[in-house]
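A closer look at the structure
If you want the building blocks of each chain, they are given just below.
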Amino acid sequence: MSLPTDRLESQLAFARELDRLKSVLRRTSLIDRSRLENTAEHSWHLTAMALALAEYMPEGAELCAVVEMLVVHDIVEIDAGDTFAFDAHANLDKGDRETRAATRLFGLLPPDTGSRLRARWEEFEAGLTPSAQFANALDRLQGLLVNDAAGDGGTWRLNHVSSSQVLARMAPVERGAPALWPVVTAAVARAIAAGHIT
């Protein structure tokens, strides 16, 4: 059975567009501090974390849904760019930029697929379902793990972020993966003790 040419071409156009995500640099570096990570690497890291940490999902969460959300949650950065979590000014229009990006990018796909993937992106953004809450928890936890493991405070120190800002940013971990919350509080305590944050 051959696939309809128009449908396949739109799917391939989307696949080609995804390559651009590899060029979107984030403010988070690799643990070894050799370079900044890109958004495609971040998304891969999160999906692997979901597989490894699935036992900490809240009741009602579904691993397949979590993985789908983590794969698509930052696709919008192809157009909107990465917005640093602690940059209040850049976050003012983040929602508008990302919504426009979602319309264009998911619109490249056949309507049934585009609608399904956009719905996953919207579910992640809303953070209301158990699956979305776990996905959001992992998204927040990944940056914390990198900053903690690097041993120098990473982006927290470089941007003079306070412990209260870090804890506020990590709140989705307490809600979406409460068993992992002690990982957050221990990392923050280490960063305070080392003088990386106050």
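Described below are features of the structure shown in this document. (Residues numbered from 1 in each chain as written. Predicted model: local features only at pLDDT ≥ 70, side-chain atom pairs only at ≥ 80, totals over all residues. Heavy atoms only, no water.)

**A short note on the overall build of the protein**
Looking only at helices and strands, one finds 12 helices and two strands in the protein. Along the protein, from the amino end to the carboxyl end, the secondary structure elements read α-β-β-α-α-α-α-α-α-α-α-α-α-α. Computed over its C-alpha atoms, the radius of gyration of the protein comes to 18 Å, within 12% of the 16 Å expected for a compact globule of 198 residues. Taking the principal axes of the C-alpha coordinates as reference, the protein spans close to 60 × 35 × 30 Å. A total of 198 residues make up the protein; the buried ones form 43% of that total. Of the accessible surface of the protein, which amounts to about 10,000 Å², a share of 58% is contributed by carbon and sulfur atoms. Separation between the mean location of the 20 positive side-chain charges and that of the 27 negative ones in the protein comes to 3 Å. (Helix = DSSP H or I, 4+ residues; strand = E, 2+ residues; numbered from the N terminus. Rg over C-alpha atoms; globule rule 2.2 N^0.38 Å. Buried < 20%, exposed > 50% of the residue type's maximum accessible area, 1.4 Å probe, protein only. Areas by Shrake-Rupley, 256 points an atom, 1.4 Å probe, with all protein chains shown as cover. Lys, Arg positive; Asp, Glu negative; His and termini not counted. Charge placed at Lys NZ, Arg CZ, Asp CG, Glu CD.)

**Description of the side chain of Glu 98**
Take Glu 98: it is sitting in helix H6 (residues 94-106). Salt bridges are absent for the buried Glu 98, whose nearest opposite-charge side chain, Lys 94, sits at 4.1 Å. Among residues more than four places away in sequence, those in contact with Glu 98 are Val 76, Ala 80, Trp 121 and Glu 125. (Salt bridge = Lys/Arg side-chain N within 4 Å of Asp/Glu carboxyl O. Contact = heavy atoms within 4.5 Å.)

**Focus on unusual backbone geometry**
Even without a glycine there, the phi angle at Arg 33 is positive, about 65 degrees. For Arg 33, the position within the fold is in the loop between strand S1 (25-29) and strand S2 (36-38). On the accessibility criterion, Arg 33 (28% relative accessible area) is partly exposed. Located in the positive-phi region is His 160, a residue other than glycine, with phi close to 55 degrees. Mapping His 160 onto the fold places it in the loop between helix H9 (154-158) and helix H10 (163-169).

**A closer look at the nonpolar core**
Counting 28 residues, the largest nonpolar core has Leu 70, Leu 144, Val 166, Val 173 and Val 184 as its most contacted members. Contributions of two or more residues to this core are made by helix H2 (39-52), helix H3 (63-72), helix H8 (130-150) and helix H12 (181-193). Among the elements that take part in this core, H8 stands out by supplying seven residues, more than any other. Non-local contacts of Val 184, meaning those with residues more than four positions away in its chain, are made with Leu 141, Leu 144, Leu 167, Met 170 and Val 173. (Core = buried A, V, L, I, M, F, W, Y, C linked by side-chain atoms within 4.5 Å.)

**Brief notes about the packing of H2 against H3**
In the contact formed by H2 and H3, the axes pass within 8 Å of each other and the chain directions differ by 170 degrees. With respect to H3, the element H2 is oriented roughly antiparallel. Handedness of the H2/H3 crossing: right-handed. Contacts between H2 and H3 involve Ser 43, Leu 46, Thr 47, Ala 50 and Leu 51 from the former and Leu 63, Val 66, Val 67, Leu 70 and Val 71 from the latter. (Axes fitted to C-alpha atoms, helices over the stretch in contact; angles between N-to-C directions. Parallel < 35°, antiparallel > 145°, perpendicular 65-115°, else oblique. Left-handed = near helix turned anticlockwise from the far one by under 90°.)

Geometry only, nothing functional implied.
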